[in-house]
Amino acid sequence: MKKILVTGGLGYIGSHTVVELQNSGFEVVIIDNLSNTTFDVLDKITSITSIKPEFVQIDLKNKKDVLQFFKNYTVDGVIHFAASKAVGESVEQPLMYYENNITTLTYVLQGMNANNVSNFIFSSSCTVYGQADELPITENAPTKPAESPYGATKKMGEIIIEDTSKVTDLRAIALRYFNPIGAHETAKIGELPLGVPQNLIPYVVQTAAGIRECLSIFGDDYPTPDGTAIRDYIHVVDLAKAHIAALNRLLNKENKAKCEFFNIGTGTGSSVLEVVKAFEKATGKKVNYKIVDRRTGDITAAYADTTLANKELGWKAKLSLEEGLASSWKWQESLLNVNL
Ligand code: UDP
């Protein structure tokens, strides 16, 4: 049985990936500092898979702890999710973001290198492309200057990993996620809301639930068919499965370069208004909305060309936008029930 370290394994994408890893026969050890999640996610994972993953609560900012972890545990690969991810917060607190997302990455890579662990999957983002000149976006599209410190950490993370892979045994795959949405079908794990949501789907869901009065749609004057901005919304379970495909590629030594990059999306773009309509259709719930000014830093449109991931990883998104939105709603309902 192969053993995989999942950093940030109790977070949103991490927890779904741990479930898929265990369902695929991997043994999992999770590192999480619980900064943006809760400990009970471990029990939820256990109740979904009937297997309790090993859990080590260390903070990756503590170099000594990270290096000691790699001395104590023998792992076959690392999937590195642990990072801060709020764009606005990163603008306010750049140093916190560089420490949380970059310093920690260098410690993990050092720990791996010192203990001959070579397989590494990195959570990257389509934010590295900025507003791409051509749509859909292929992996060959040039990366653009980052709009925020968060975006910069993803771009820099890729550079650090690729540079390291040139001079060590590191074999890495960076997955450039488009917009992850949805929750596990059991509604036991999902994205935990923390304050006012910044992302579209949590805001839509909370508006439908009556927690927020009205969704603000940021701009209807974009050069798109209905004037609202377009994104590629990928179901988190499909996204989790892409990690298993990438990991197997490394473990089977099928990678074609020391460091590879793949777009992980559905290949279809949806506008904000289309998302609202799809949500209403999928759930029968009404979403109040109003049009407001564009949000600073937002791009017009981004959706993936997934040809490379389909061909090389043998992976393809299977779940629809409606299924993603319905699962987000089911997750929200389960949270409401807990809070009653
Ligand atoms: N959006 C919106 N209202 C919100 C949150 C987001 O209209 O309250 C829009 C946003 O302008 C963008 C899309 O929804 O066009 C997706 O935004 P999100 O923050 O979820 O993802 P990202 O900006 O990272 O693509």
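Criteria and cut-off values
- Along each chain, numbering runs from 1 in the same order as the chain's sequence is written.
- Selection of residues for local features in this predicted model requires a pLDDT of at least 70, selection of side-chain atom pairs for listing and counting requires 80 or more, and totals for whole chains, interfaces and linings are taken over all residues.
- The basis for the side-chain values is all heavy atoms of the structure; hydrogens and waters are excluded.
- Here's how the labels work: a residue is buried when its accessible area is under 20% of the maximum for its type, exposed when over 50%, partly exposed in between, all with a 1.4 Å probe on protein chains only.
- Segments assigned H or I by DSSP are reported as helices when at least four residues long, segments assigned E as strands when at least two residues long, and all are numbered from the N terminus.
- Taking the helix axis as origin, the arc is that swept by the directions to the C-beta atoms.
- We call two residues contacting when some pair of their heavy atoms lies within 4.5 Å.
- Disulfides are defined as pairs of cysteine sulfur atoms found within 2.5 Å of each other.
- The nearness test applies per residue and asks whether one of its heavy atoms lies within 4 Å of the molecule or strand.
- Pairing of N or O atoms within 3.5 Å defines a polar contact, subject to two protein rules: one partner must be a possible hydrogen donor and the other a possible acceptor, and residues neighboring in sequence count only if both atoms are side-chain atoms.
- Exposure was quantified through the Shrake-Rupley algorithm and a 1.4 Å probe, taking into account, for residues, occlusion by the shown protein chains and nothing else.
- Each residue gets one of three labels, nonpolar for Ala, Val, Leu, Ile, Met, Phe, Trp, Tyr, Cys and Pro, charged for Asp, Glu, Lys and Arg, and polar for the others, Gly among them.
- Whether two strands pair depends on DSSP finding at least two bridges between them.
- A cavity here means a set of 1 Å grid points, computed over protein atoms only, where a 1.4 Å probe fits but cannot escape. A pocket is an open set with protein on both sides within 12 Å along at least 5 of 7 lines, and lining residues have an atom within 4 Å of a point.
- Grid points are joined across faces, edges and corners, and a volume is the space filled by probe spheres set on the points.
- Two rings from Phe, Tyr or Trp (for Trp, the six-membered ring) form a pair when their centres sit within 6.5 Å of each other. Planes less than 30 degrees apart are called stacked, planes more than 60 degrees apart edge-to-face, and all others tilted.
- Two conditions define a charge sitting above a ring: the NZ of Lys or the CZ of Arg must be within 6 Å of the ring centre, and it must be within 35 degrees of the ring normal.
- What counts as an axis is a line fitted to C-alpha atoms, over the stretch in contact for a helix, and the angles between N-to-C directions run from 0 to 180 degrees.

> Can you help me understand helix 3 (residues 63–72) in this one?
At 3.6 residues per turn, the α-helix brings residues three or four places apart onto the same side. The set of residues buried in helix 3 consists of Val 66, Phe 69 and Phe 70. For helix 3, the angular spread of buried residues about the axis comes to 90°, placing them on one side. In this structure, helix 3 carries Lys 64, Lys 71 and Asn 72 as exposed residues pointing more than 90 degrees from its buried face. On its buried face, helix 3 is in contact with strand 1 (3–7), strand 2 (27–31), strand 3 (54–56), strand 4 (77–80) and helix 5 (94–114).

> Please clarify how the state of the cysteines should be interpreted in this entry.
Here, disulfide denotes a covalent bond that connects the sulfur atoms of two cysteines. Under the criterion given, the structure shown has zero disulfides. In this structure Cys 126 is a free cysteine whose sulfur lies 18 Å from that of Cys 259, the closest cysteine sulfur available. Given the relative accessible area of 13%, Cys 126 is considered buried.

> Is there a simple way to think about the site of the ligand in this case?
If you check the shell around the ligand, you find 14 residues, and the closest are Leu 200, Ser 216, Arg 231, Arg 295 and Asp 298. Note that a nitrogen atom of the ligand is positioned 2.7 Å from one of the backbone N or O atoms of Ser 216. Computed on the free molecule, the ligand has an accessible area of 510 Å², of which 87% lies beneath the protein chains in the complex. Counting residues per element, the shell around the ligand draws most heavily on strand 8 (residues 215–218), at four residues. In terms of residue class, the shell around the ligand is made up of seven nonpolar, four polar and three charged.

> Would you explain the pairing of strand 11 (residues 259–264) in this entry?
The two faces of the sheet receive side chains in turn, since in a regular strand these alternate between them. Buried residues dominate strand 11, accounting for six of its six residues. Residues Cys 259, Phe 261 and Asn 263 of strand 11 are buried on one face, and the alternating residues Glu 260, Phe 262 and Ile 264, pointing to the opposite face, are buried as well. Relative to strand 11, strand 6 (residues 171–177) runs parallel, the two being bridged by six bridges. Note on strand 11: the bridge partner recorded for Leu 175 is Phe 262.

> Would you mind going over empty space enclosed by the protein with me for this structure?
Rolled over the atoms, a probe sized like a water molecule indicates the empty space that remains. This model, assessed by the stated rule, comprises one cavity of 30 Å³ or more. In this structure, the largest cavity encloses a volume near 50 Å³. In terms of lining, the largest cavity is formed by His 80, Phe 81, Ala 82, Ala 83, Asn 101, Phe 122, Ser 123, Thr 153 and Lys 154. Residue composition of the lining of the largest cavity, grouped by class: four nonpolar, four polar and one charged.

> Whenever I open this one, the packing of aromatic side chains confuses me. Can you help?
When we look at a pair of aromatic rings, we describe it by the centre distance and by the angle of the planes. Scanning the entire structure with this criterion turns up four aromatic pairs. Measuring from centroid to centroid gives 4.5 Å for Phe 69 and Tyr 73, while their planes differ by 15°, and the two rings are stacked. On the basis of relative accessible area, Phe 69 is assigned to the buried category, the value being 3%. If you follow Arg 294 out to its NZ or CZ, it ends over the ring of Tyr 222, 4.0 Å from the centre.

> Where do I start with the sheet that holds strand 4 in this structure?
Paired through backbone hydrogen bonds, the strands of a sheet run either parallel or antiparallel to each other. One open sheet accounts for seven strands, arranged 3-2-1-4-5-6-11; its pairing is parallel. The sheet is open, and its two borders are formed by strand 3 and strand 11, each paired with just one other strand. Direction aside, the axes of adjacent strands within the sheet are offset by 20° on average. The pairing of strand 1 with strand 4 spans four bridges and is classified as parallel. Note on strand 4: the bridge partner recorded for Leu 5 is Val 78. Relative to strand 5 (residues 119–125), helix 6 (residues 149–167) is tilted by about 155°, and along the sheet it contacts strand 5, strand 6 and strand 11.

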